[in-house]
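In case you want the letters, here they are:
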Amino acid sequence: MLYAEIELSLSLSLCGSKTMHSYTEKLSELDQMIRRMILESLGTTSRRLRVMKYAAPRTTDDQIGLAPHTDKIFLTILCQNDVHGLQVQTKHGEWFSARPSPNSFTVMIGDSLYAWVNGSLHSLCHQVMISGNEVRYSAALFSIPKGGYIIKAPNELVDEEHPLLFQAL
Ligand SMILES: O=C(O)CCC(=O)C(=O)O
Ligand SMILES: [Fe+2]
């Protein structure tokens, strides 16, 4: 059973535009919550946490910690200790350092989600470069499509301007 609770302080006697606006905002939150619950209840994804330790290279030059790649899964939520090292590649091929502020997470789209939304969100190529004397730790939560499902972009996201990028097999 799906159960969603949200605080709706609606006073029908006050149907001014401000009230209607906040009512619509609250309902939109509810709409998002329900859609998320439906997706989760379909059980099409599982989650895995991977913790990485990058030994201090004790060099001043950058050393490769993790080779360039895109994540094959749906979504990655990454946090790291205060030793930076994650780099992402722009569509022009340049690398730049992702330097998240403390206590924040880096969220990356994976290839499966890229295919599902027919390219309207991009999976970024990323790598880890490390230098210096400090150990780097990161923890990545991956949401992974379960085996046995076919990823197919919805028809609404396919048109002449956005041809189908991946054929569902
Ligand atoms: O350690 C990091 O910051 C990145 C890890 C990563 O990209 C991965 O595990 O796929
Ligand atoms: Fe990755």
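All chains use their own residue numbering, which begins from 1 and follows the written sequence. Here the convention is simple: chains get letters from A, ligands get numbers from 1, in the order in which they are written. With pLDDT at 70 or above as the cut-off, local features in this predicted model cover only qualifying residues; side-chain atom pairs require 80 or more to be listed or tallied, and sums for whole chains, interfaces and linings still use all residues. Neither water nor hydrogens contribute to the side-chain values; these are computed over all heavy atoms in the structure.

Under an unreviewed UniProt entry, the name given to the protein chain is Fe2OG dioxygenase domain-containing protein, and the source organism is Eucalyptus grandis.

(A) Spatial organisation of the site of ligand 1. Proximity is defined per residue: any heavy atom of the residue falling within 4 Å of a molecule or strand makes that residue near it. Close contacts around ligand 1 come from Arg50, Tyr54, Leu66, His69, Asp71, Leu78, Leu86, His126, Val128, Arg136, Ser138 and Phe142, and that covers them all. Polar contact is the term for a pair of N or O atoms within 3.5 Å; when the atoms are in protein, one must be able to donate a hydrogen and the other to accept it, and sequence-neighboring residues count only if both atoms are side-chain atoms. Within the side chain of Ser138, one N or O atom sits 2.6 Å away from an oxygen atom of ligand 1. In isolation ligand 1 has 300 Å² of accessible area, and contact with the protein removes 99% of it. If you list the elements that add at least two residues to the shell around ligand 1, you get β1 (45–54), β2 (63–69), β7 (126–130) and β8 (136–145). Put simply, DSSP marks the helices as runs of H or I at least four residues long and the strands as runs of E at least two long, and each gets a number from the N terminus on. The element that contributes the greatest number of residues to the shell around ligand 1 is β8, accounting for three residues. We get accessible surface area from the Shrake-Rupley algorithm with a probe of 1.4 Å; when it comes to residues, only the shown protein chains can shield them.

(B) Highlighting the coordination of the iron ion (ligand 2). For Na, K and Ca the donor cut-off is 3.2 Å, and for all other metals it is 2.8 Å, counting N, O and S atoms only; because water is absent from this set, sites may look incomplete. The iron ion (ligand 2) binds to the protein through His69 (NE2), Asp71 (OD) and His126 (NE2), with metal-donor distances spanning 2.1 to 2.2 Å. Motif for the iron ion (ligand 2), donor spacing along one chain: H-x1-D-x54-H. Of this pair, Asp71 sits in the loop between β2 and β3 (75–80) while His126 sits in strand β7, and the two are 55 residues apart along the sequence. Judged on exposure class, the residue Asp71 and its partner His126 are both buried. Burial status follows relative accessibility: with a 1.4 Å probe on protein chains alone, a residue under 20% of its type maximum counts as buried, one over 50% as exposed, and anything between as partly exposed.

(C) Structural context of the sheet that holds strand β4 (residues 86–89). Two strands are said to pair when DSSP picks up at least two bridges between them. Taken in spatial order, the four strands of this open sheet run β2-β7-β4-β5, and their pairing is antiparallel. Strand pairing shows two members of the sheet lacking a second neighbour, β2 and β5 (95–97), which therefore form its edges. Neighbour-to-neighbour, the strand axes of the sheet open up by a mean angle of 25°, direction not taken into account. Strand direction decides the pairing type here: β2 and β7, joined by four bridges, are antiparallel. Note that in β7 the partner of His69 across the bridge is His126. For every element, the axis is a line fit to its C-alpha atoms; helices are fit only across the contacting stretch, and the angle between N-to-C directions ranges from 0 to 180 degrees.

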